[in-house]
Amino acid sequence: ESGKGPRPIRRLEDTVVNRIAAGEIIHRPANALKELIENSLDAGATNIQILIKDGGLKLLQIQDNGHGIRREDMAIVCERFTTSKLKSFEDLSRISTFGFRGEALASISHVAHVTITTKTADSNCAYRACYSDGKLIPSKPGASAEPKACAGNTGTQITQSSNQVDVNTLSTASKLENIRQIYGSTASELLDLEKHFRKLDLKVNGFISNANYNLKKMRISISTDRAVESVALKRNIEGVYETYLPKNSYPFVYLSLDINPQCVDVNVHPTKREVRFLNEEEIVAAVGDAIQERLVGANCSRIFLTQT
Ligand code: ADP
Ligand code: MG
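Description of the structure in this document.

Parameters and conventions
Residues numbered from 1 in each chain as written. Chains lettered and ligands numbered in written order. Predicted model: local features only at pLDDT ≥ 70, side-chain atom pairs only at ≥ 80, totals over all residues. Helix = DSSP H or I, 4+ residues; strand = E, 2+ residues; numbered from the N terminus. Buried ≥ 20, exposed ≤ 12 C-beta atoms within 10 Å, placed from the backbone. Near = placed C-beta within 6 Å. Nonpolar A, V, L, I, M, F, W, Y, C, P; charged D, E, K, R; others polar. Pairing = 2+ DSSP bridges. Contact = placed C-beta atoms within 7 Å. Axes fitted to C-alpha atoms, helices over the stretch in contact; angles between N-to-C directions. Parallel < 35°, antiparallel > 145°, perpendicular 65-115°, else oblique. Left-handed = near helix turned anticlockwise from the far one by under 90°. Core = buried A, V, L, I, M, F, W, Y, C linked by C-beta atoms within 7 Å. Expected span 1.5 Å × (residues − 1). Arc of directions from axis to C-beta.

**Remarks on the overall build of the protein**
When helices and strands are counted, the protein shows six helices and 14 strands. Every one of the 308 residues in the protein was classed for burial, and the buried ones make up 26%.

Written out as structure tokens, the structure reads:
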């Protein structure tokens, strides 16, 4: 488009308008919590329970013993400008509730997933419904979006959770992709490592950071048929990297050892985390050599850059 003439005026889509509006009301989880507490108080609650995870970014849940929300109102309760507290403009002059604009739940539903479980005194069961962008949505793919009958006490529970999962390993993902998923930028510039020591009946494979990359904290994950700790192996790996990395900086190492289970003693510690190997010295030295060799050869080989 040219920079000179006026650009056409367009009507913003509803979802855009609503998200912008939501941002004016909900800046932080604390704003959402304030609105939710006010709603509980407006509902005559005498008991309010609040559950918060990660400062409210992961989870915010509030439960009250107020008058609840009627089943027939559940479809519109999270829409913008829907309220039970104000009917006419005149009512504004004698408003005695905290809320009246009917925007809080709508705003929250535009920035988070909202689940409402609620029961009024004269209903014989509670109802639960999920919301997104102001509207009812199915609680899981394929389910109906309609509020579902469930058990519950009179009152309302509202859960506001982020839709971001902590870890999501896709069934189609490679090992390297899963490592990146879990460790993020910690696992940058990884070299693949694969080595078979026939004499020791040992296969080593995994991913290790190269000599250009270093961490403030050492990250060495070792697994045999399970995740294990081996002080001897860790020390050796640390020693190998010492010659490549600046002082007080550490590598990222993710290793699987394919080894005869009979050569691994898991019974050295009650948690079974720390293991000893039969031929420990040889095995530790072999793994160290494999890493050393890979680091030396790294210049002429492929580096996996992590994008985060
Ligand atoms: P407002 O509080 O301005 O009316 P909200 O979006 O905060 O708007 O809430 C919309 C409506 O949902 C309220 O008017 C009320 O009828 C109902 N509501 C919300 N939270 C609760 C609650 N904890 N208990 C009972 N009703 C509630
Ligand atoms: Mg309110």
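**What to know about the site of ligand 1**
In the vicinity of ligand 1, 24 residues are found, and the nearest of them are N39, A43, T83, G99 and A104. When residues of the shell around ligand 1 are traced back to their parent elements, those giving at least two are helix 2 (29–42) and helix 3 (104–111). Take the shell around ligand 1: its biggest share by element is four residues, from helix 2. Across the shell around ligand 1, the residue classes break down as seven nonpolar, 11 polar and six charged.

**Focus on the sheet that holds strand 10 (residues 219–223)**
Taken together, five strands build an open sheet; the order of strands is 8-9-12-10-11 and the sheet is mixed. In this open sheet, the two strands that pair with only one neighbour each are strand 8 (190–197) and strand 11 (227–228). Of the pairings in the sheet, the one linking strand 9 (residues 202–209) to strand 12 (residues 252–259) comprises seven bridges and is antiparallel in character. Each bridged residue has a counterpart across the sheet, and for K203 the counterpart in strand 12 is D258.

**Points about unusual backbone geometry**
The backbone of D201 shows a phi angle near 55°, a positive value even though the residue is not glycine. Tracing the backbone shows D201 in the loop between strand 8 and strand 9. We note that N279 has phi near 55°; this positive angle belongs to a residue other than glycine. Relative to the elements of secondary structure, N279 occurs in the loop between strand 14 (276–277) and helix 6 (280–296).

**Quick notes on the environment of I237**
Relative to the helices and strands, I237 is located in helix 5 (residues 231–242). Using a count of 24 C-beta atoms within 10 Å as the deciding quantity, one classes I237 as buried. The spatial distance from the C-alpha of I237 to the C-alpha of A285 is 9.2 Å, given a sequence separation of 48 residues. Non-local contacts of I237, meaning those with residues more than four positions away in its chain, are made with I220, V253, G288 and I291.

**A look at the environment of L191**
Mapped onto the secondary structure, L191 falls in strand 8. Judged by the 20 C-beta atoms lying within 10 Å of it, L191 falls in the buried class. In sequence terms L191 and R294 are 103 residues apart; their C-alpha atoms lie 7.8 Å from each other.

**Focus: the pairing of strand 7 (residues 155–161)**
Summarising the sheet, strand 2 (residues 59–64) and strand 7 pair through six bridges and their orientation is antiparallel. Bridge pairing in strand 7 places L59 opposite S161.

**Some thoughts on the packing of helix 5 against helix 6**
Packing of helix 5 against helix 6 leaves a shortest axis separation of 9 Å and a crossing angle of 30°. The angle between helix 5 and helix 6 falls in the class roughly parallel. For the pair helix 5 and helix 6, the sense of crossing is right-handed. Every residue of helix 6 that contacts helix 5 at A232, L233, N236, I237 and V240 is listed here: E280, V284, V287, G288, I291 and Q292. Of the residues that constitute the contact of helix 5 with helix 6, the class distribution is seven nonpolar, three polar and one charged.

**Describing the nonpolar core**
Ranked by size, the top nonpolar core spans 26 residues in total, and within it L193, V204, F207, I208 and I291 carry the most contacts. Elements with a minimum of two residues in this core: strand 8, strand 9, helix 5, strand 12 and helix 6. No other element matches strand 12, which puts six residues into this core. A32, I69, V77 and C130 belong to the second-largest nonpolar core, a separate cluster that totals 23 residues.

**Side note on helix 5**
In a regular helix each residue adds 1.5 Å, so 12 residues correspond to 16 Å; helix 5 covers 16 Å between its end C-alpha atoms and thus fits that length. Every buried residue of helix 5 is listed here: L233, I237, V240 and Y241. For helix 5, the buried positions fall inside an angular range of 95° around the axis, keeping them on one side. Residues of helix 5 that are exposed and point more than 90 degrees away from the buried face comprise V231 and G239. Summarising the contacts, the buried residues of helix 5 are in contact with strand 10, strand 12 and helix 6.

**Thoughts on the packing of helix 1 (residues 14–25) against helix 3**
When two helices pack together, their arrangement is given by the angle between the helix axes and the distance between those axes. Orientation of helix 1 relative to helix 3, taken along the N-to-C sense of each, is 110°, at an axis distance of 8 Å. Considering their axes alone, helix 1 and helix 3 lie roughly perpendicular with respect to each other. When you trace helix 1 past helix 3, the crossing you get is left-handed. Residues N18, R19, A21, A22 and I25 of helix 1 form the contact with helix 3, whose own contacting residues are A104, A106, S107, H110 and V111. Across the contact of helix 1 with helix 3, the residue classes tally to six nonpolar, three polar and one charged.

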